[in-house]
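If you want the building blocks of each chain, they are given just below.
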Amino acid sequence: TNVAMLTVVSHLRDVGLIGSAYHDDDHFYDNGPVTTGQKIVYIAPMKALAQEVVEKFSSKLKCLGIIVRELTGDMQLSR
C-alpha cells in the first residue's frame with residue numbers, strides 16, 4: 001500500500017492539485033484542501049484489505065483535505 005500511496009500523491013502533484021506550497025520568512029502557504037470532486041480508485045481483492053487501506057490513506061491524506069471512502073460489493077462468485 002506504500003507504493004499506492006506514493007502513486008496517489010504523485011498523481012495529485014502532477015495534475016496540480018497539491019504541491020504549490022511556498023513559504024516566505026514568516027509564513028507557510030499552500031493551495032488549501034482539494035475541492036475538485038475528483039476520485040481516485042484503489043481496488044483491493046479482500047474487504048479486510050480495503051478497510052486497512054482506507055484507514056492508512058485517511059490518516060496520511062487528511063492533512064491535504066482529501067477524504068477517503070470505502071465502497072465494497074459483497075458478492076459470491078459463481079463457478
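Everything discussed here concerns the structure shown above.
A brief structural summary. Predicted model only: the values in this text are computed from it and were never measured.

What about helix α1 (residues 2-14)?
Thought 1: An ideal rise of 1.5 Å per residue puts 18 Å on 13 residues; α1 measures up with 18 Å between its terminal C-alpha atoms.
Thought 2: Here α1 has its buried residues at A4, M5, V8 and L12. Buried positions in α1, seen along its axis, are confined to an arc of 105 degrees and lie on one side of it. Among the exposed residues of α1, those pointing more than 90 degrees away from its buried face are V3, L6 and D14.
Thought 3: Where α1 is buried, its residues contact α2 (47-61).

Regarding the nonpolar core
Thought 1: The biggest cluster of nonpolar side chains holds twelve residues, and these are A4, M5, V8, L12, L17, I18, V53, V54, F57, L61, I66 and V68.
Thought 2: For this core, the secondary structure elements donating two or more residues are α1 and α2.

Quick notes on the pattern of salt bridges
Thought 1: Under the defined criterion, the tally for this structure stands at one salt bridge.
Thought 2: A salt bridge links D14 to R13, with the nearest nitrogen and oxygen atoms 3.2 Å apart.
Thought 3: Classification of D14 by relative accessible area gives exposed; the value is 54%.

Procedures and definitions
Residues numbered from 1 in each chain as written. Predicted model: local features only at pLDDT ≥ 70, side-chain atom pairs only at ≥ 80, totals over all residues. Heavy atoms only, no water. Helix = DSSP H or I, 4+ residues; strand = E, 2+ residues; numbered from the N terminus. Expected span 1.5 Å × (residues − 1). Buried < 20%, exposed > 50% of the residue type's maximum accessible area, 1.4 Å probe, protein only. Arc of directions from axis to C-beta. Contact = heavy atoms within 4.5 Å. Core = buried A, V, L, I, M, F, W, Y, C linked by side-chain atoms within 4.5 Å. Salt bridge = Lys/Arg side-chain N within 4 Å of Asp/Glu carboxyl O.

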